[in-house]
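Okay, here's what each chain looks like letter by letter:
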Amino acid sequence: MGSIGGAYSPNFYDNKHYINGEYVTSKNKETYTVWNPKNGEVISDQMAIAGEDDINAAVEAAEAAYNGAWSKFSGQQRAACLMKLAAIMEEKMADILTLDSQSSGNPVSMIATREKNYIITAIKYYAGWTDKQKGDYYPDDDGFVKIVRHEPLGICAAVNPFNAPVATFIFKAAPALATGNVLIVKPSEKTPYGSLALAPLFEEAGFPKGVIQCVSGGGSTGAILASHMKIRKISFTGSVPTGQKIQIAAAKSNLKRVTLELGGKSPAVIFEDANLDNALTWTVNALLARSGQVCVAATRIYVQKSIAEQFIEKYVAKVKEAAGRLGDPQDPNTGLGPLVDHLALERVTGMIERAKNDAELVAGGNRKGDKGSFVEPTVFLNPKAGSEIIEKEVFGPVSVVKTFETEEEVIKLANDTEYGLMAGVFTRDVTRAMRVSAKLDAGVVGVNCVSYMNMQAPFGGKKSSGIGREFGEYALRAFTEPKTVLINMSA
Ligand code: NAD
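Since the structure is predicted, the reported quantities are computational estimates derived from the model, not experimental observations. (Residues numbered from 1 in each chain as written. Predicted model: local features only at pLDDT ≥ 70, side-chain atom pairs only at ≥ 80, totals over all residues.)

Structural notes on the overall build of the protein chain
Test applied: Numbered from the N terminus, helices here are DSSP runs of H or I no shorter than four residues, and strands are runs of E no shorter than two. Computation of the radius of gyration draws on C-alpha atoms, with the globule rule given as 2.2 Å multiplied by the number of residues to the power 0.38. Whether a residue is buried, exposed or partly exposed follows from its count of other C-beta atoms within 10 Å of its own C-beta, namely 20 or more, 12 or fewer, or something in between, respectively; the C-beta atoms are built from the backbone. Note that contacts rest on C-beta atoms placed from the backbone: two residues are in contact if these are within 7 Å.
Check the secondary structure of the protein chain and you find 15 helices and 20 strands. The C-alpha atoms of the protein chain give a radius of gyration of 23 Å, which matches the 23 Å a tight globule of 491 residues would have. With the C-alpha coordinates of the protein chain rotated into their principal frame, the extents come out at 75 × 60 × 40 Å. In the protein chain, which comprises 491 residues, the share counted as buried stands at 52%. Look at the contacts in the protein chain between residues 6 or more apart in sequence, and 73% of them connect residues 24 or more apart.

Spelled out as structure tokens, the structure:
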């Protein structure tokens, strides 16, 4: 089928992949189960796990698409397709993300705001880049003209996390297609629906079949993609351990290019001269968005001693109040949904229980209700140095708050982590903002903001939080490779 029609029901996707412009029955007959996190009920136990034959079929179609009409598309034609995709998404995003929320638990109240902002902005932003891949030129001062072409990599694959499936799909597809690549997307086995529903919209927007495909499956499918000899790049977003496996598989197969957007344990540093209301708004929102299941969530709050009492009292009150907004993600009035599944519930509540021995619990700390995977937003004070709760990513609505006295002290504390994705510094002193932002070991530093990503500027992690950058012009570099053409002018 060319469009998803009325296929907003999860079971439409049982046993299916989207390969070469159509939903096809999986060749591999193994299946996995998807649960509804608001009540723990099974949505489907018939979701396909793409095996070698399925991936080979997708790669064959991708190769044909890459060498076919798509290779002749001008920049303007690629832009027109992306702009049409943006228009289609404006119309269908609510249906696609409502379907997706059945397994992600992401509240539908985010669709018109956060989701729309990221998805539509990314598509339109990269539509503007399609005809601006100009490359370089160097004159024949030494007898050779040097031309540098920015060429697409070819068949790329995206391996995506569960938390923001449709946005992640678009973050990878828009720059990949703007630069003329073809892309096979594998959403997380926890949240496959929005991505499977999105795939055919690319053909509706004018992209040839095979340019975008979507395969269903878990880690085993991701591993096949990562080691496939014809795939030239993996764009991965997910956890550090999986990122390491992908890097190894890529190196052991064909040295495919790899970008890794991994986890974080982002610090927010609040100095005594900060606008407190602003700091509260950003740090509270940073903890609660997608119930803490956000890579850039500000989960370590460092507050200067002189204002600590005042800040902590208000921060804790706001977090406690947010527990009342936990609810049915499909209800448009719900602000906070459940964690993605019972495994996440067990992991997060386990970390909370252990943290009770290492820090003072001042908000939340419990599962909410006995149905579904709802967890109260939780705050711990003064964690012991080296404890799990200050070192490990929770990927749930749990933060730790610690006080500090001096700038030097807090920079050391903030950087005392293997992660380096995002950091925030809250101060009204511009020189301090410049000094501290330069010293924080993070790919993105917010000044008087945190846990915010902007499409125009590079996004990605330092240290173990990743390799490479998405967003902005940098994502285009990650989907192209320079080719130097040397012209001998004396021949
Ligand atoms: P995950 O690593 O468990 O899974 C991510 C994807 O990898 C899934 O599609 C999974 O099926 C696949 N996978 C699993 N094993 C694989 C293997 N051996 N080879 C290839 N693929 C494999 O991560 P998750 O739980 O879905 O997502 C949460 C993590 O993602 C957190 O650590 C979070 O911080 C991170 N994240 C990072 C960003 C970012 O932009 N930096 C954004 C969102 C989430």
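Following the structure, the description resumes.
Observations concerning the pairing of strand β13 (residues 298-304)
Condition: Any two strands with at least two DSSP bridges between them are considered paired. Looking down the strands as they point away from the viewer, one classifies a crossover as right-handed if the path from the first strand across the helix to the second runs clockwise.
Burial runs high along β13: 7 of the 7 residues are buried. Where strand β12 (residues 266-270) lies against β13, 5 bridges are found, and the strand directions are parallel. Paired with Ser 266 across the two strands is Ala 298, which belongs to β13. Traced from β12 through helix α9 (residues 276-288) to β13, the parallel crossover comes out right-handed. Pairing analysis gives 5 bridges linking β13 to strand β16 (residues 398-404), with the strands arranged parallel. Bridge assignment links Ile 301 to a residue of β16, and that residue is Val 401.

Let's talk about the site of the ligand
Just so we agree on the cut-off: Nearness here is judged by the C-beta atom: place it from the backbone, and if it falls within 6 Å of a molecule or strand, the residue counts as near that partner. Throughout the structure description, domain borders are defined by an automatic or database domain assignment.
If you check the shell around the ligand, you find 29 residues, and the closest are Gly 219, Gly 222, Gly 238, Gly 263 and Cys 295. If you list the elements that add at least two residues to the shell around the ligand, you get α7 (219-227) and α8 (240-252). With 4 residues, α7 is the largest single contributor of residues to the shell around the ligand. The residue makeup of the shell around the ligand includes at least three contributed by each of domain 1 (10-262 + 465-483) and domain 2 (266-454).

Quick notes on helix α2 (residues 75-104)
Structural remark: α-helix, 3.6 residues per turn; residues separated by three or four positions point the same way. Stated formally: Expected helix span is taken as 1.5 Å per residue step, with the number of steps being one fewer than the number of residues. Given a residue, its bend is the angle between the two axes fitted to the seven residues that end at it and to the seven that start from it.
Counted at 1.5 Å a residue, the expected span for α2 with its 30 residues is 44 Å, but the 35 Å between its end C-alpha atoms falls short. The sharpest bend along α2 comes to roughly 60°, located at Lys 92. Taken from the residues just after α2, Gly 105 is the one with a positive phi, measuring 75°.

Remarks on unusual backbone geometry
For Asn 15, which is not glycine, the phi torsion reads 60° and is therefore positive. The partly exposed category is assigned to Asn 15, around which 18 C-beta atoms lie within 10 Å. Positive phi values are uncommon outside glycine, yet Ser 291 reaches one of about 50°. With respect to the secondary-structure elements, Ser 291 resides in the loop between α9 and β13.

Concerning the environment of Leu 201
Tracing the backbone shows Leu 201 in helix α6 (residues 201-204). Of the residues examined, Leu 201 has 21 C-beta atoms within 10 Å and is grouped as buried. Through-space distance from the C-alpha of Leu 201 to that of Glu 405 is 54 Å; in sequence the pair is 204 residues apart. Those residues in contact with Leu 201 that lie beyond four places of it in its chain are Leu 85, Ile 88 and Lys 92.

Regarding the sheet that holds strand β18 (residues 444-447)
To be explicit about the condition: The convention used is that axes are lines fitted to C-alpha atoms, helices contributing only their stretch in contact, and that angles between N-to-C directions extend from 0 to 180 degrees.
Spatially, 7 strands are ordered β14-β15-β16-β13-β12-β17-β18 in an open sheet, and the strand pairing comes out mixed. Looking at the sheet topology across the chains shown, the edges are occupied by β14 (360-363) and β18. When strand polarity is set aside, the average angle formed by the axes of neighbouring strands in this sheet is 25°. In this fold helix α13 (residues 407-415) packs onto β12, β13, β16 and β17 (422-426), with an angle of close to 155° to the strand it touches most, β16.

Describing the UniProt feature "domain: Aldehyde dehydrogenase" (unreviewed entry) in the protein chain
Using the following cut-off: UniProt positions are given in the numbering used here, feature names are shortened, and annotations may be inferred rather than shown by experiment.
When the UniProt feature table is mapped onto this chain, "domain: Aldehyde dehydrogenase" (unreviewed entry) is found at residues 24-485. Across residues 24-485 one finds 40% helix and 20% strand; the C-alpha atoms that close the span lie 42 Å apart.

Section: the packing of helix α3 (residues 111-127) against helix α4 (residues 165-178)
Angle between the axes and distance between the axes are the two parameters that describe a pair of packed helices. Which entries qualify depends on this criterion: Throughout this description, any angle smaller than 35 degrees is read as roughly parallel, any larger than 145 degrees as roughly antiparallel, any in the 65 to 115 degree range as roughly perpendicular, and the remainder as oblique. Under the scheme applied here, ten amino acids are nonpolar (Ala, Val, Leu, Ile, Met, Phe, Trp, Tyr, Cys and Pro), four are charged (Asp, Glu, Lys and Arg), and all others, including Gly, are polar.
Look at α3 against α4: their axes get within 9 Å of each other, and the N-to-C directions meet at 5°. Relative to α4, the element α3 is oriented roughly parallel. Contact with α3, carried on its side by Glu 115, Tyr 118, Ile 119, Ala 122, Ile 123 and Tyr 126, involves Val 166, Ala 167, Ile 170, Phe 171, Ala 174, Pro 175 and Ala 178 of α4 and no other residues of that element. In terms of residue class, the contact of α3 with α4 is made up of 12 nonpolar, no polar and 1 charged.

Focus: the domain arrangement of the protein chain
When the domains of the protein chain are assigned, the result is domain 1 (10-262 + 465-483) and domain 2 (266-454). Facing 20 residues of domain 1, the contacting portion of domain 2 comprises 25 residues. It is α2 that contributes the most residues to the side of domain 1 that touches domain 2, 3 residues altogether. Broken down by class, the residue content of the side of domain 1 that touches domain 2 amounts to 7 nonpolar, 11 polar and 2 charged.

Thoughts on α3
A maximum bend of about 35° is found in α3 at Asn 117. Among all positions in α3, only Ile 111, Glu 115, Ile 119, Ala 122, Ile 123, Tyr 126 and Ala 127 are buried. Elements that come into contact with the buried residues of α3 comprise α2 and α4.

A closer look at the pairing of strand β2 (residues 22-25)
With 4 bridges connecting them, strand β1 (residues 16-19) and β2 associate as antiparallel partners. Within β2, the position partnered with Tyr 18 by the bridge is Tyr 23. Linking two consecutive strands that pair antiparallel, namely β1 and β2, is a turn of 2 residues; a positive phi of about 50° is found at Asn 20 within it.

Re the UniProt feature "active site" (unreviewed entry) in the protein chain
UniProt feature "active site" (unreviewed entry): in the numbering of this structure it lies at Glu 261. Note on placement: Glu 261 falls in strand β11 (residues 257-261). By C-beta crowding, Glu 261 is classed as buried, having 27 other C-beta atoms within 10 Å. The contacts of Glu 261, once residues within four sequence positions are left out, are Phe 236, Thr 237, Gly 460, Gly 461, Gly 466 and Glu 470.

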